[in-house]
Amino acid sequence: MNIYHNPDCGTSRNTLAMIRNAGVEPTVIEYLKQAPSRDELRELIRLAGLSVRDVLRQKGTPYADLHLDNPALTDDQLLDAMMAHPVLINRPFVMTSMGVRLCRPSEVVLEILPVPQRSAFTKEDGEPVINAEGKRVRLDS
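Residues numbered from 1 in each chain as written. Predicted model: local features only at pLDDT ≥ 70, side-chain atom pairs only at ≥ 80, totals over all residues. Heavy atoms only, no water.

Enquirer: What am I meant to see in the packing of helix 2 (residues 38–47) against helix 3 (residues 75–84) here?
Expert: For any two helices packed against each other, one specifies the inter-axial angle together with the distance between the axes. For the pair helix 2 and helix 3, interaxial distance at closest approach is 11 Å and the crossing angle is 120°. It follows from the interaxial angle that helix 2 and helix 3 lie oblique. As helix 2 packs across helix 3, the resulting crossing turns out to be right-handed. Residues Arg-38, Leu-41, Arg-42 and Ile-45 of helix 2 lie in contact with helix 3, whose contacting residues are Asp-76, Leu-79, Asp-80, Met-82 and Met-83. The residue makeup of the contact of helix 2 with helix 3, split by class, is 5 nonpolar, no polar and 4 charged. (Axes fitted to C-alpha atoms, helices over the stretch in contact; angles between N-to-C directions. Helix = DSSP H or I, 4+ residues; strand = E, 2+ residues; numbered from the N terminus. Parallel < 35°, antiparallel > 145°, perpendicular 65-115°, else oblique. Left-handed = near helix turned anticlockwise from the far one by under 90°. Contact = heavy atoms within 4.5 Å. Nonpolar A, V, L, I, M, F, W, Y, C, P; charged D, E, K, R; others polar.)

Enquirer: Where do I start with unusual backbone geometry in this structure?
Expert: Negative phi is the rule for most residues except glycine; trans is the rule for most peptide bonds. In this chain, Arg-91 is followed by Pro-92 through a cis amide linkage whose omega measures 0°. Looking at the secondary structure, you find Pro-92 in the loop between helix 3 and strand 3 (93–96). For the bond from Arg-104 to Pro-105, the omega torsion is 0°, close enough to zero to count as cis. Among the structural elements, Pro-105 can be located in the loop between strand 4 (99–102) and strand 5 (121–122). Unlike most non-glycine residues, His-67 shows phi in positive territory, near 55°. Relative to the assigned elements, His-67 resides in the loop between helix 2 and helix 3.

Enquirer: Sorry if this is basic, but what is going on with the pattern of salt bridges here?
Expert: Side chains that carry opposite charge are capable of pairing whenever their charged atoms lie near each other. The final tally for this structure, using the stated rule, is 10 salt bridges. Where Glu-127 meets Lys-123, a salt bridge forms, and the shortest distance between an N and an O atom there is 3.5 Å. With relative accessibility at 23%, the residue Glu-127 sits in the partly exposed group. Look at Lys-123 and you get buried, because its relative accessible area is 13%. Counted as one network, the salt bridges with shared partners bring together Arg-38, Arg-42, Asp-76 and Asp-80. (Salt bridge = Lys/Arg side-chain N within 4 Å of Asp/Glu carboxyl O. Buried < 20%, exposed > 50% of the residue type's maximum accessible area, 1.4 Å probe, protein only.)

Enquirer: How do you make sense of the state of the cysteines when you look at a structure like this?
Expert: In total, this model carries 0 disulfides according to the counting rule given. With no disulfide of its own, Cys-103 lies 11 Å from the sulfur of Cys-9, the closest cysteine sulfur. Assessed through its relative accessible area of 0%, Cys-103 is described here as buried. (Disulfide = S-S within 2.5 Å.)

Enquirer: Please clarify how the sheet that holds strand 2 (residues 27–30) should be interpreted in this entry.
Expert: What holds strands together in a sheet is hydrogen bonding between their backbones, with the strands either parallel or antiparallel. Read from one edge to the other, the open sheet built from 4 strands follows the order 2-1-3-4, with strand pairing classed as mixed. Each having just a single partner strand, strand 2 and strand 4 make up the two edges of the open sheet. Geometrically, the sheet is characterised by an average inter-axis angle of 15° between neighbouring strands, direction not taken into account. In terms of strand pairing, strand 3 meets strand 4 through 4 bridges, oriented antiparallel. Pairing of Phe-93 across the sheet is with Leu-102, part of strand 4. Taken strand by strand, helix 1 (residues 10–21) contacts strand 1 (2–5), strand 2 and strand 3, and its axis lies near 160° from that of strand 1. (Pairing = 2+ DSSP bridges.)

Shown next, in the form of C-alpha cells:
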C-alpha cells in the first residue's frame, strides 16, 4: 500500500491516520520531496478513473499564474506543469490491492482499504468517521 502524502495537509494526515487505524503501515511517499515520475502519475490518474485536469490542485499553487485554467491546454501540457511544480498534484493518492483513489475527502480511503478499521477514529477537526465498533459514522443520515 502506498500513499502519496503531504504532511502539511490535514486531509493527507487524516487519510494516513485512517490507514494506520486499520493496522496497516503503508509506504509513505512525500511527493513534494519525491515526486512520482510522469508515467507513474499518469498511471495513478488512470487507475483512479480521473482526468489529468481532475487532479490539478488550485489552492496555494501556481495554478492561476501558469494559466492552467485554459481549456486549450492538453493533458501533456498539464502533466508538464505538474512535473515542474509537484505542488500542483492534488493529494493524497492512495494505492492498495483494491484500487487507487484520490482521497478527497479523506474518508474515500475506506473504499479501498483491504482490512476494516480497528477502533474509533475522529478527524483532526473533530468530525467522527469511525465509531467504537469500527463502523462508519454517517453524518448525513
